[in-house]
Amino acid sequence: MGILVFILFIGLFILLWYLIPSKGEMAELRVHNVLIELPEEYHVIDNVIIGSNNYSSQIDHIVVSPYGIFVIETKGYKGWIYGGENAQYWTQNIFGKKYQLYNPILQNQGHVKALMKILPSIPNDCFIPIVCFNNDASIFVKVQNHIVINRRKLKTTIKRYNTPIISSEDKEWIISTITSHMRVGKEVEKTHVFNARNKARSSYKDINNGICPRCGGQIVKRYGKYGSFYGCRNYPNCKFTMQG
Ligand SMILES: [Zn+2]
């Protein structure tokens, strides 16, 4: 009897593990629900993995419209989010506890580059990267050239772009090209996560060894308006920075 209850319990646990979406998945689902409220001329593609086995990009959402291609990176973080446009890492402060996260602007720039590669005939200014946080995240990120917003501002932000720059033929071509490059399946997803973790680990190792993870240059201590920080010796060619 006892063993039966135990097996049942484990089975239920495994089932729930599969059924209950993770924080990240919940955030993506919520953003998806906002995006599908957009008019029909906005075509939404979710969870796009493109690239090779060794170097793949996982893009949370792509919205293809006459007004541009919106590339959206969704973050399910709560609390206070601090960071700079060019900083390698941002800080999440939740109940006084601090955690580091890889700068999502940089992450999203990688996604845009991967898309540009498969859509070489589309001008660069057609791509509009957006980093979208949960509504309960307080964003204290200094940005000038990038869009970092809460989900509640997503629709109005997208609709602010109202000049048609993509023809309907190009729009269809973009959608079919992205769809044909999409790699699907659990294995593809697993490989992507594995490689992304390896990459994060090796850049962490670089930093610990005083090597810039972006260009291989030397990390040096610098002094700015707001105190000391670490930056790359190859500045201004390389804009890597991190907190001192
Ligand atoms: Zn560098």
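What you are looking at is a predicted structure, and each value in this text was computed from that prediction instead of being measured. (Residues numbered from 1 in each chain as written. Predicted model: local features only at pLDDT ≥ 70, side-chain atom pairs only at ≥ 80, totals over all residues.)

Some remarks on the sheet that holds strand β11 (residues 227-232)
If you walk across this open sheet you meet the three strands as β10-β11-β12, and the pairing is antiparallel. Both outer strands of the open sheet, β10 (219-224) and β12 (241-243), are each paired with one neighbouring strand and no more. Going from strand to strand, the sheet's axes swing by 35° on average, the running direction of each strand aside. (Pairing = 2+ DSSP bridges. Helix = DSSP H or I, 4+ residues; strand = E, 2+ residues; numbered from the N terminus. Axes fitted to C-alpha atoms, helices over the stretch in contact; angles between N-to-C directions.)

A few points about the pairing of strand β4 (residues 79-84)
The sheet contact formed by β4 and strand β8 (residues 137-142) spans six bridges and is parallel. Along β8, the bridge assignment pairs G83 with V141. Examined bridge by bridge, β4 and strand β5 (residues 89-94) share three bridges and lie antiparallel to one another. Residue pairing for β5: I81 is matched across the bridge by Q92.

Quick notes on helix α3 (residues 104-118)
The end-to-end C-alpha distance of α3 is 22 Å, a good match for the 21 Å that 15 residues give at a rise of 1.5 Å each. As for α3, its buried residues are in contact with β1 (43-51), β2 (56-65), β3 (68-75), β7 (127-133) and β9 (147-150). (Expected span 1.5 Å × (residues − 1). Contact = placed C-beta atoms within 7 Å.)

Some points on the domain arrangement of the chain
If you check the domain split of the chain, you get domain 1 (21-208) and domain 2 (214-244). Across the contact, six residues belong to domain 1 and five residues belong to domain 2. Residue composition of the side of domain 1 that touches domain 2, by class: three nonpolar, three polar and no charged. (Domains from an automatic or database assignment. Nonpolar A, V, L, I, M, F, W, Y, C, P; charged D, E, K, R; others polar.)

Let's talk about unusual backbone geometry
Of note, the amide linkage connecting Y235 to P236 takes the cis form, showing an omega dihedral of 5°. As for its position among the elements, P236 is in the loop between β11 and β12. For N47, which is not glycine, the phi torsion reads 45° and is therefore positive. Checked against the element boundaries, N47 lands in strand β1. Classification of N47 as partly exposed rests on a count of 15 C-beta atoms within 10 Å. If you check the backbone angles, F95 has positive phi at about 50° while not being a glycine. With respect to the element layout, F95 can be found in the loop between β5 and β6 (97-102). (Buried ≥ 20, exposed ≤ 12 C-beta atoms within 10 Å, placed from the backbone.)

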